[in-house]
Each structure stands twice: as structure tokens, then as C-alpha cells.
Number of protein chains: 4
Amino acid sequence: MIIVMSPDSTESQVETVIRKIKEAGLEVNISRGVERTVLGAIGDERRLDQELFESLPGVEQAMHIVKPYKIVAREWHKEDTVIDIKGVKLGGKQVQIIAGPCSVETPEQMDKAAQFVVDAGCKLMRGGAFKPRTSPYAFQGHGVEGLDMFRKAAGQHGLPIVTELMDVRMLDTFLEYDVDVIQIGTRNMQNFDLLKEVGKVNKPVILKRGMSATISEWLMAAEYIAAGGNHNIIFCERGVRSYETYYRNMLDVTAIPVLKKETHLPVIVDPSHAGGKAWMVPALSRAAIAAGADGLLVEMHPSPCEAWCDADQALNPQELKDLMGTLRGIAQAIGRDL
Amino acid sequence: MIIVMSPDSTESQVETVIRKIKEAGLEVNISRGVERTVLGAIGDERRLDQELFESLPGVEQAMHIVKPYKIVAREWHKEDTVIDIKGVKLGGKQVQIIAGPCSVETPEQMDKAAQFVVDAGCKLMRGGAFKPRTSPYAFQGHGVEGLDMFRKAAGQHGLPIVTELMDVRMLDTFLEYDVDVIQIGTRNMQNFDLLKEVGKVNKPVILKRGMSATISEWLMAAEYIAAGGNHNIIFCERGVRSYETYYRNMLDVTAIPVLKKETHLPVIVDPSHAGGKAWMVPALSRAAIAAGADGLLVEMHPSPCEAWCDADQALNPQELKDLMGTLRGIAQAIGRDL
Amino acid sequence: MIIVMSPDSTESQVETVIRKIKEAGLEVNISRGVERTVLGAIGDERRLDQELFESLPGVEQAMHIVKPYKIVAREWHKEDTVIDIKGVKLGGKQVQIIAGPCSVETPEQMDKAAQFVVDAGCKLMRGGAFKPRTSPYAFQGHGVEGLDMFRKAAGQHGLPIVTELMDVRMLDTFLEYDVDVIQIGTRNMQNFDLLKEVGKVNKPVILKRGMSATISEWLMAAEYIAAGGNHNIIFCERGVRSYETYYRNMLDVTAIPVLKKETHLPVIVDPSHAGGKAWMVPALSRAAIAAGADGLLVEMHPSPCEAWCDADQALNPQELKDLMGTLRGIAQAIGRDL
Amino acid sequence: MIIVMSPDSTESQVETVIRKIKEAGLEVNISRGVERTVLGAIGDERRLDQELFESLPGVEQAMHIVKPYKIVAREWHKEDTVIDIKGVKLGGKQVQIIAGPCSVETPEQMDKAAQFVVDAGCKLMRGGAFKPRTSPYAFQGHGVEGLDMFRKAAGQHGLPIVTELMDVRMLDTFLEYDVDVIQIGTRNMQNFDLLKEVGKVNKPVILKRGMSATISEWLMAAEYIAAGGNHNIIFCERGVRSYETYYRNMLDVTAIPVLKKETHLPVIVDPSHAGGKAWMVPALSRAAIAAGADGLLVEMHPSPCEAWCDADQALNPQELKDLMGTLRGIAQAIGRDL
């Protein structure tokens, strides 16, 4: 950690800071500049609390120079992590498109959807049984009954399933229904108790980015899961809040190369929630794959106009099929498969 | 709801929209303009889903004209709601300053803090037993033990207590320790299962604004609590995420008059988490009270430099006392007490 | 325009609004709903000022339903506009990569740069003679002398040039040096007097997006140029301000499909200023082309480490060459050339 | 400046950085930590370009520790600067409220407005002759004719005038009409050529904050003016762009104490453009003065409903008078006058 003393700090204030650093078991390098004195703490700086130092009299600024995340950091784990989901590999050379409806509605809808997912060439299926809705008066999902419909429909077509967990008390039920990938939604990215619990189970977790989370906060949220022992984490960029009102969220495409540099874990993108309109999905999907994403989480509904929620952002089966063709070309242009 | 058809929509598309509106039990007003046809749905428009209509072919835009919140809306409840916290009134003529340390550390620290809170003239005390921390490796609070220390220290000084609930499984413990006001933190503003549970208990709830929540989303989060039966909700503005890096969050002072217009419930401000630096707290506190806030949630620590977390943003006892004096003058200038 | 009256508006207030609409020469459609009365103005609603109506007593909200831009709107001009820059076509099937250094430094540097631009297969060159710098003490560019160096170097390699105009008083000099494409920078997107002047000349204009401009404001800024008679406008997305600090700006990749829908004019992307780091440029460039951009504005420096400004974001010649190869593959995957 | 080398940097890369620092005439302090080597440059670090260093191989991060602004910084000029505007003092103990209409419309309107400004107890008048409008088809102001009307009306009531300069070519006309305070609008905060020109004249300048300018960029924009010799600069906070759509801009009240700490120059607030609605103006005005602003720039129109632009945000004369009374009480509560 580097501590910059303010220009009018006294010698005794400098000494107090030095003492605090040494008490934590680190060494100190002192650099007296023309306008300011700068102290460098040498040793394991994770033992120093930046805010504590910034509150000491005479301190202008304290900065960590080491990244606060460890298990998820590429600095400590150079090779890409490839996650195995019942035989489907995510994070390797092959790009994976996870498709399916926003909400589980009926057994028929799920069966049709699963068939279309397979027909389009996708190997994983998504669907929501528990729905985080802005309004308490909106449809909240079919819950456990929805989980059951999803499990059955996907099972008949041999598709592993991805679905969102909102309530920590429901985790056992998810394990019981053998959910293959647990999704943590945007609104729960910093629901730390939920992160700790999914950190203890042996299931891959998709961690969606918080509505306006920094990349660093996101990596730290993943570190919460990893610290519990579960290292099978998949980052999912889904757009962040911005001032622009034309679309729902601003897809942060730059987060893709940044995450690929900072972490060894797979990165996927949800183009449907980002834009919020079906007609934007193909362009955003192409951009995501071109930028290096390992996969997508796309909404597809057998008949979008009849969907119960977020209908506006779902592709129809033919659109998904067409999109898969284009994405294959892009994947190949950058040396990957689909 | 108003539905704007796109310029090239067909007559049969217009008819489909009309049929959908009528199926929901509403009437339709048709306005054929020079460039676009506009349909108005007349009746209880909460029965219509905006996204569903926007996904219909030929529809350019669908807009609700009625507010989506009901119980918390001033439109349906004109007078200010005054919440009674063991005899302390929040939301009335008197402004309430809730002070105390960020974290519960030791019985001695809590006892001193409680004494200073009383000395400064504050009637409610805050303190954190469960701490939401960005890093899994940072101090997470003393938990139940901290709750116990807090309850005892505050009790000896006759102060009702405010503390944060993070995990739904801990609610019974909060009731057992008779926490007077349950705080829902920024990261949990849209933890809907948690909101539903605190909606069922008979305790005032402070609902902090999400990191980048819109005012409308915030009102809807309160509506989740209210829909469960608990109408004792206090909004707490604590700054929102912005591009500015000089301070931690951007205090949205405009949210105060906006909330006072939109809801009958009390509104308080947390100037400590907003700025993130103790030296900013007085200016932000003065601004909040001047703008019409019903109270503040302020960090005060008996000896800030020794605090275990967020030390940098806590006032010391004398600073709190001085601030109270200034705030009293401002409260009087706008016709209130403190 | 649609005017929503507030629930407690009086009959005479409704009549005042109706009178105002009729005075402007439009017809009125009245829709009396359960909770609110809604008025629709029928006719050329550009004659009505939304803010004027919102200020009338009893009005809750006034909304335009017709887009405020006209000349630049695809609604009025269905086919893509292809801009001819000395024989190089921008906006058609072929994607154009405009490359060159951030700043004009020396004749040798510019000569080398031009050679590398040609070698990489690019047909247009960029370079800055006038530099908008945050600090008055930073290098402000070589000015007219730089323009001269750039003109000569590019001329010898047959490359049309793109350079930024900051001061309206310098426009004649730009015409004198026959600048092929005039760039309006981020900080001047709403410098309306500058827009009006470039609207009067017969030169293509690249209009960069303002630091946090909405897409609608950006289209209106282009409309300022177009209203003067110059319809050769190229939109350039360069990232917008966000709370994320890992990179310089957040590239708004969604703006690409949105602009392609809203306007018939070409859209390019500046991946260098967006990310701010050379290592991010390839991923962002690939994303931009995959999303449908008509071209790129990329920084390339013959020897980046010696550059005088923004060195950190420039590719070296080999990196540019490699990038061109990858982009060609992506362009083909979506049915375009490069 | 502090330069953090990446964990895998080589010894020769470290030496290159050291050589570059020494070439610029500074000394180097080397601190070899457990995970990273950190170099500190000792001397006048304004001579070092952060971006240049970040582009050198092996460098992870380079950070300035000295502020980039000088003339405007309180670090170099401890006492508050009080600006004298024809005898009216801005920046001292007395708070100044600058009131007047958004646009100059007619001589009668301006005469009435001036009378109401005086009646309310304000000592300075604002009014727009040149209007920056989003649309090229909207009313652009009366220009020089408006300047003339404004000058005459204000003169008859002994009020110094504040008005916006948009085009550098109009500066001589402003001097001819003896405009007392030149306002630089939001969209021109980084119109550097305009800043340089107003830096050469001997007139106070109000510098509005850019739509999403950081405080640091804003201080640097003021430094552009100051570097030209004109030190009579007044900062005007007017809200920044945010994701919230309920109001027009988010008033950044925290900027007030931050600027008072960082600069010796006066700080005022424009509550009218911030909120965008007249009913929000009183609350925002109270907050601004309570937070320590030296004054306000408020819109007041003799008859708001008939105003030609921004009508929705103007107070009427009585509202201004009432507001002045409340603000006086707040000013006194914090030891100031009005």
C-alpha cells in the first residue's frame, strides 16, 4: 500500500503512520518528495485497511497496489478454467449458447422450447421459475412447480438446465431438482449470504453483474463464492444502468476483454436483458462473441407474443436458428468453434 | 395506458391491439393522427402489461399513465405518515438524528457511543452487527454477539436501536433481540424475498436506496413491504453511484422533495455513506435537512481513528454535538424542530 | 403530442390546454379515463413546445410521439447514405478503417505512419493537429503547421485525411488545406455555432458523440449540421462516461444497431479513445464491426512508446495489420467486405 | 508520480522507467515490495506525462500524487477570493441570488422582470440572449437585439447583468454591451478556445459544470481561463446527467463542500436547470445555501406560463420573494447574510 501524506502533515503524523504499518508486520519505504512525503508499505498489504489509513491525521490518500481478489484472479492461475456441465464444456474453444424462455409457463411451452433449443444447435437451456419483478403485483414465477416442469422438459431433450436462485432457503430444493447451473441474478450480486451458501455446494454458478457494479466489485462477489470452496463460477455481463433511455441497459462490451485479462473463469453475455428488445439481440450477440465471450444467455420463446413476461426481448425459434449461423462464422473468424 | 402505433402499422395490427385491450376489460379511445395512430386504454390499466403490448407487431411504444405504486403513494394517502418508534416520532414536525458507530466493536465502545448519542441530543441509535463488506476477507461484523452488545448498551441509555438485517434467516433473532427499526441495506433493496418477510412483521423498516435504483424502483421496493401489511417504512437516501471519483457516492438531494411529493412516508438521509469522508458530513447533513428530510442516519464513533471499519466517515462526539446545533438553526428556518 | 392531465385538474384547466392546441393549428382528441383525462394533439406536433404544455396548470405530463429529428431520420430516407471521400465509399458494403496517430508530431513520423496505414490496407488516415487537452499546460498540438505536415505526408501516399476542428475561426484554414473529412470532437458535439458553420460547407463531417450525450441529442446535433445543407455526416461512437474506472470510457456498442435503425447515415466507432488502452483495441474493434459499424477510427503510431500523447492507446503497425486480418473475417461472416 | 511495475516486469524495464524519470530532471525512489516494485519520482512531477509512463513496457499503473491545477487551487491560495461585480461582492459573507428569466423576450418582459428582481432583494440579474437549444428548429434567442433589451432594462434598475456567451466571435459584442458577468454554459465547459479567449478579458466568468464533467475536469477548465490571466472565475453547479428520469439533472450537492476545499474561488448553484421543474427549486435552493454555496442562479419570470422556453422551471415573482425569506433564515443559521 502507498500512503501519500498531505503537504502540511507533521513529522509526528508521519511517525504514527509508520508505526501502524509496522504493527501490522510490514516494512516501510519512505520517499520525501518536493511537495509531499510518500510511504510505501512492503509485505502482505491485504493486512492493511485502506480506510483506516485514510482516516489517520495527516494522510491525504492511501492506495492498494495489489488486487484484492485472489482465487478468481488470473495473476494466480494463468490457464483458462473450463467448466464441465454434464459433459458440455464452457470456457474452452467452443462457444456455448444457452437459450430458453424468460419464464417457465406451461409443460407444453417448455417442451416446445426445449425442442427448438436442440434444433438450433444449443446444448444448454435456460428458464425462470422464480422471477425477480420490480412490482409485487406482477407475476412472480411458478416457483417449485415451474422447476419441476423445466426439469422434465429439459430432461426429455437431454439438456442441462440453468435457472435463477433468489432465496437462500430454496437452495436445497434446487439441489433436489438437480439444477445444473445456479444463476445468481443482478439484484443479488451482493447478497453476500446467498453467495456464501452457493459457495458451499458443488454446482456451477452463473454470477450476473449487479445493475451498476464495478468490475472489481463483481470479481469480489465471485471471490465470496470461491472462498467457500466452489470455484465453478461463470461471469455474465448483462448491461449496466446508464442515462440512455433508448434501451434498457448499456451492454458493457469492454468488460469482456477486461475480465478475460483479470480472471481465468469463463465470461458469458446476456444480450436479451441488455438491450431489452428482440431486434437488438442479434447485433449484441455478434458483438459479444467477437469481443471474446465464451457464450451467451439468450431468451427464446416458442411464440414470443404470448409470453408472460419480457416478451419484447425474446427471439422466436427461427431468429435463434439464424443467429446461430452468423455466430458460427464470427467464432471461426477468431479461431473458435460453435 | 397509451399505445402509439408505428407509422407503417396495418389496420389489422391496430385491431389486434384493440382486441387485447378489450379482453382485459378496458375500453379503447382511438386517435388517428397525421403520422401515427394512438390508442388509449380506459379503465384499470394496472391489468395491462406494458412489455406485452410493446411486443405486439405494429406497436412503437406503450406507456402507463398511472403510477405503478399504490399503498406508498401520496396520491392515495394525502397526509404525512408519522412513525412511532418507542415514543420517538419520525416523519412529523421534529427532525430526528439517528447516530452511532458503523460497527459494533466492544461493550465499552457501545456504552460510550450511547452516552455520546444522548449527550448530543439524539433520540435513536444506530450500529451494525452484520456488515455487508465488498471483500469476503474483511471483517463481517460480530453478528448475534454484536446485537447483544448493542441491545444492552442502548437499553441502559434508553435509546431505541436501528440495525441492518442482511439474511432472511436472521429475522427471528432480530425480533428476539427486539430490534426497534430494521434496516434494509443498499445491496438488498431488491432482495424481494427479504422485503416480503419484513413486510410481515410489525417493526418499522428503513429502506435504503439501491446503489443506482431509480426513485420509481425504490417506491416499488417499499410497495413490496407494504403489500405484506407493514406500512411503517422509512426511505433512506444514501447517495447513488456516479462517475465522480472524488467522493464515494453522489448524494441525490433532489430525491428528498421528489419523495415528499410521491409518498406520504418519512424520508431520511445518510450523509456518512454518501460522501464517505467525515469532513463532508456537516455540509451534506445541512443540505438534507434544508431540503426537507425528516431525519438523518449519521455515523459517530467515540474515537474514529480506532474504528474497525468505515472509520474515515465517522464524526467524533464533539463534531456530532456541533452539527446538532447548526441543524437546529436550519430546522427552525424552515419551520421545524430538532 | 399527448397531454396527461393530473387527477385533480379542473374542467377549465382542460379547456385552456385545448385552446392552446387549437391556437397552434392542431386538432384535439379527448379521452376521459377512470383516473385521468388524456388529450391528443393531432397535426404537425413539431409546432407544440412540450415544456410550455408541462408548465400549464393541471398538466401532469406532455409527451411528443413523433421524433424531433427529420433530415437525418431513416423514417424519411429509407436507403443507407453512402458518403464518397475522394473515391473511398463509407457507409456501403465495404467497411473502412481510418488509421493514424493521435497527434501530428514530425514530418518523418507522419510519413512513416502514412506508409504503415497503406501497408495495413487502410484507405483513410487520421491525425490531430489541434488537440483538445484537459490541461492548459499540456501539449495542444502543432496547429496549422501540423495540418501542413499531415496534408503533405498523406498526399504522398494518396490518402484522404480526417482531422479535428475545434475553433470555428479555423474553418477557412481547414478548407484551404483541403481537409477531406472534418472531425467534430466529443467536447464540441453541442457547440452549436461550430455545427452551424460546418453545416454550410461541402465536406463530410465526423460527429463524435458527446461524453454523455443521449442518442437523441446526438441525432439532434447532426440535425444542426444537416439543417445548414450539409448532409454528409458520419456518426462516431467513442464510448461514454460511466462509473467504471478500469477503462477510460464505456463503449456503447448498442448505439450501433440503434443508429442504424434511426438514421440512414454511416456509423463508425473509435475503439482507441473508448478503452484508452492499446490491448483493449482489438476486442472492441471486432465487437464494433460485428455489431454492424461501417468503419473504425483507430490510433496507430509508428512507435507508440515515443508518442507525445495518448501513447497508451495506440496500436503499433504490426498490431494494426493483424487486426485488419481478423476484421476481414468478421466482415465476411456478416456479409460485408474489408 | 508513483509508478507501479507489474509482477512480471524485467529488470531492464525497470531501468528504462528510471531513465525516463531522470531524463525529465527528477529523482527516483525505488521500493521493492513482495509482489511488485514501486518507483517514486521526486521533483516537479507536472513535467511527467502519466499516459506516457503507463504505455512503457512492464508498467502496471502510474499515478500523479500532486493536483494538476495550480492557479485555482486553494493549496496555493488559502483565503477565499471575493469577486466584485460593480460593487456587489460574490464569495464573501453575503450570499448572492442572481435572478431573472431564462430568455430575453421583450423590453416589457425584461423591465418587469428587473423590477421583480429588485423587489425580491436580489442584486444581480440573469437573462439569455443566445440560447443553446437541443433542436436547430427551436427558438435560439434574440441575439444582439436581446442583449440590448437586457442591458437597457437592467440598467434602469441598477442591476449588473449575467448572460451566456456561446460563440467566441461574439466576445467583442459582449464587451461593447458591457456584460458584467460572462456565463460559459454546460455544453461549452470544455470548449477550450472559448475558455482561452475569456481568459484574456477583464470580466468575471461564471463557469457552469459540463453535463457529466468530473470536479477535476471542471477545475482544469477554470485553470484554462486563469492561465490566460483572468482569475475572476465563479463555479456554477447545475446538476449532472444521471440515470434518474424523474427530474432533468441530478444536483451534485457534494460538489459544494468539495470545491470549497479544493479552490479559493466562489461557488454558486443553478437549482432551476438542475431539477427542471419550478416546484423543486425551493428545496434545492435551500440545500445549496445550507451546504455552503456562495449564491444561486435562479430562473424567475414575470409570468411563467407565457415564457418562450424552459417555462416549466421558472419561479413567479412571489415564489422568488418567499424563497428569499427562507434562504435568509438558512444563511443566518450558518453564519452568513443574505
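Residues numbered from 1 in each chain as written. Chains lettered and ligands numbered in written order. Predicted model: local features only at pLDDT ≥ 70, side-chain atom pairs only at ≥ 80, totals over all residues.

## Remarks on the overall build of chain A
Helix and strand counts for chain A come out as 11 helices and 14 strands. C-alpha atoms of chain A, sized along the principal axes, occupy 75 × 45 × 40 Å. With 338 residues in all, chain A has 58% of them scored as buried. Within chain A, contacts between residues at least 6 apart in sequence are counted, and of these 65% link residues at least 24 apart. (Helix = DSSP H or I, 4+ residues; strand = E, 2+ residues; numbered from the N terminus. Buried ≥ 20, exposed ≤ 12 C-beta atoms within 10 Å, placed from the backbone. Contact = placed C-beta atoms within 7 Å.)

## Considerations on the interface of chain C and chain A
Residue-level contacts link 32 residues of chain C with 32 residues of chain A. Counting residues per element, the ones that place at least two in the side of chain C that touches chain A are α8 (255–262), α9 (271–275), α10 (281–291) and α11 (317–333) of chain C. Of the residues that constitute the side of chain C that touches chain A, the class distribution is 20 nonpolar, 9 polar and 3 charged. (Nonpolar A, V, L, I, M, F, W, Y, C, P; charged D, E, K, R; others polar.)

## As for the domain arrangement of chain A
Per the domain assignment, the segments making up chain A are domain 1 (2–63) and domain 2 (74–333). With centres defined by C-alpha atoms, the gap from domain 1 of chain A to domain 2 of chain A works out at 44 Å. (Domains from an automatic or database assignment.)

## Some thoughts on the interface of chain D and chain A
Contacts between the two partners involve 21 residues from chain D, matched on the other side by 21 residues from chain A. Listed by contribution, the elements that provide at least two residues to the side of chain D that touches chain A are β1 (2–5), β2 (27–32) and β3 (37–42) of chain D. In terms of residue count, the dominant contributor to the side of chain D that touches chain A is β3(D) (3 residues). Taken together, the residues of the side of chain D that touches chain A break down into 9 nonpolar, 7 polar and 5 charged.

## Examining the relation of the copies chain C and chain A
Between chain C and chain A, which share one sequence, the superposing operator has a rotation angle of 180° and an axial displacement of 0.0 Å; the RMSD is 0.0 Å. The relationship between the two copies is best expressed as a two-fold rotation axis. Considering only C-alpha atoms, the part of chain C nearest the rotation axis is A287(C), at 2.0 Å. Of the residues that chain C buries at the interface, 100% are likewise interface residues in chain A, meaning the two copies contact each other through the same surface. (Least-squares fit on C-alpha atoms with pLDDT ≥ 70 in both.)

## A short note on the pairing of strand β11 (residues 205–208) of chain B
All names here are of chain B. Side chains V205 and L207 project from β11 onto one buried face, and the interleaved I206 and K208 project onto a second face that is buried too. Across 3 bridges, strand β10 (residues 181–184) lies against β11 in parallel orientation. The residue bridging I184 from the neighbouring strand is L207, located in β11. Once the chain exits β10 it traverses helix α6 (residues 192–198) before rejoining the sheet at β11, and the crossover so formed is right-handed. One ladder, built from 4 bridges, connects β11 with strand β12 (residues 233–237); its direction is parallel. The residue of β12 that forms the bridge with L207 is F235. (Pairing = 2+ DSSP bridges. Right-handed = clockwise from strand over helix to strand, strands pointing away.)

## Some thoughts on the pairing of β10(B)
Residue and element names in this part refer to chain B. Side chains V181 and Q183 of β10 all project onto a buried face; the interleaved residues I182 and I184 project onto the opposite face, where all are buried too. As paired elements, strand β9 (residues 161–164) and β10 share 3 bridges and run parallel to each other. Within the sheet, the bridge partner assigned to E164 lies in β10 and is Q183. A crossover links β9 with its parallel partner β10, the connecting element being helix α5 (residues 171–176), and its sense is right-handed.

## Topic: the packing of α10(C) against α11(C)
Residue and element names in this part refer to chain C. It is at 9 Å that the axes of α10 and α11 come closest, and there the two elements cross at 25°. Relative to α11, the element α10 lies roughly parallel. Considering only the axes of α10 and α11, their crossing is right-handed. Contacts between α10 and α11 pair P282, S285, R286, I289 and A290 from the former with L323, T326, L327, I330 and A331 from the latter. Considering only residue class, the contact of α10 with α11 consists of 7 nonpolar, 2 polar and 1 charged. (Axes fitted to C-alpha atoms, helices over the stretch in contact; angles between N-to-C directions. Parallel < 35°, antiparallel > 145°, perpendicular 65-115°, else oblique. Left-handed = near helix turned anticlockwise from the far one by under 90°.)

## Quick word on the sheet that holds β3(D)
Residues and elements named next belong to chain D. The strand order β2-β3-β1-β4 describes an open sheet built from 4 strands, whose pairing is antiparallel. Every interior strand has two partners, whereas the edge strands, β2 and β4 (59–63), have only one. Looking at each pair of strands side by side, their axes are set apart by 20° on average, direction ignored. Pairing between β1 and β4: 4 bridges, direction antiparallel. Of the residues in β4, the one forming a bridge with I3 is A62.

## Side note on the sheet that holds strand β3 (residues 37–42) of chain A
Sheet strands pair by backbone hydrogen bonding; their relative direction is either parallel or antiparallel. All names here are of chain A. Read from one edge to the other, the open sheet built from 4 strands follows the order β2-β3-β1-β4, with strand pairing classed as antiparallel. With partners counted over all chains shown, the strands left at the sheet margins are β2 (27–32) and β4 (59–63), one partner each. On average, each strand axis in the sheet is tilted by 20° relative to the strand beside it, whichever way the strands run. Bridging between β2 and β3 involves 6 bridges; their strand directions are antiparallel. Opposite E27, over in β3, you have I42 as the bridge partner. Contacts from helix α1 (residues 11–23) reach β1 (2–5), β2, β3 and β4 within the one sheet, and its direction differs from that of β3 by about 10°.

## Focus on the nonpolar core
Ranked by size, the top nonpolar core spans 392 residues in total, and within it L207(A), L207(B), L207(C) and L207(D) carry the most contacts. Excluding residues that lie within four positions of it along the chain, L207(A) makes contacts with I184(A), M189(A), A221(A), A222(A), I225(A), I233(A), I234(A), F235(A) and C236(A). Residues M5(A), A62(A), L52(D) and A62(D) belong to the second largest nonpolar core, which totals 30 residues. (Core = buried A, V, L, I, M, F, W, Y, C linked by C-beta atoms within 7 Å.)

## Here's the deal with the relation of the copies chain D and chain A
Note on the copies: chain D fits chain A at an RMSD of 0.0 Å, the axial shift is 0.0 Å, and the rotation between them is 180°. Taken together, the interface assignments show that 100% of the residues at the interface of chain D recur at the interface of chain A, consistent with an identical surface on both copies.

## So, the environment of R47(A)
Residues and elements named next belong to chain A. In this structure, R47 sits in the loop between β3 and α2 (50–54). A residue is classified by how many C-beta atoms lie within 10 Å of it, and R47, with 13 of them, is partly exposed. Distance from R47 to G25, taken between C-alpha atoms, is 8.6 Å for residues 22 residues apart in sequence. Among residues more than four places away in sequence, those in contact with R47 are A24 and G25.

## Quick word on α8(C)
Burial of α8(C) is extensive: 7 of the 8 residues sit out of reach of the surface. Listing the buried residues of α8(C) in full gives A255(C), I256(C), P257(C), V258(C), L259(C), K260(C) and E262(C). Packed against the buried residues of α8(C) are α10 (281–291) of chain A together with α7 (215–227), β12 (233–237), β13 (267–269) and α10 of chain C.

## As for unusual backbone geometry
Only a minority of non-glycine residues have a phi that is not negative, and only a minority of peptide bonds are not trans. Residue and element names in this part refer to chain C. One non-glycine residue with positive phi stands out, namely K86, at about 45°. Structurally, K86 is set in the loop between β5 (83–85) and β6 (88–90). You can call K86 partly exposed: it has 14 C-beta atoms within 10 Å. Of note in this structure, D178 is not a glycine but carries a positive phi near 50°. The exposure class of D178 is partly exposed, given the 13 C-beta atoms found within 10 Å.

## Looking at helix α1 (residues 11–23) of chain D
Between its terminal C-alpha atoms α1(D) stretches 18 Å, which fits the 18 Å expected from 13 residues at 1.5 Å a residue. Two residues or fewer after α1(D) comes G25(D), characterised by a positive phi angle close to 90°. (Expected span 1.5 Å × (residues − 1).)

## So, the confidence of the model for chain A
Model confidence for chain A is summarised by a mean pLDDT of 93, while 98% of its residues fall at 70 or above. Interface confidence for the predicted complex, expressed as ipTM, amounts to 0.93; the pTM equals 0.94. (pLDDT = per-residue confidence, 0-100.)

## Section: the environment of G239(A)
All names here are of chain A. By secondary structure assignment, the location of G239 is in the loop between β12 (233–237) and α8 (255–262). Taking the number of C-beta atoms within 10 Å as the measure of exposure, G239 has 26 and is therefore buried. Along the backbone, G239 and K321 are 82 residues apart, and their C-alpha atoms lie at a distance of 24 Å. In contact with G239, not counting residues within four places along its chain, are R248, N249, M250, L251, D252, H273 and A274.

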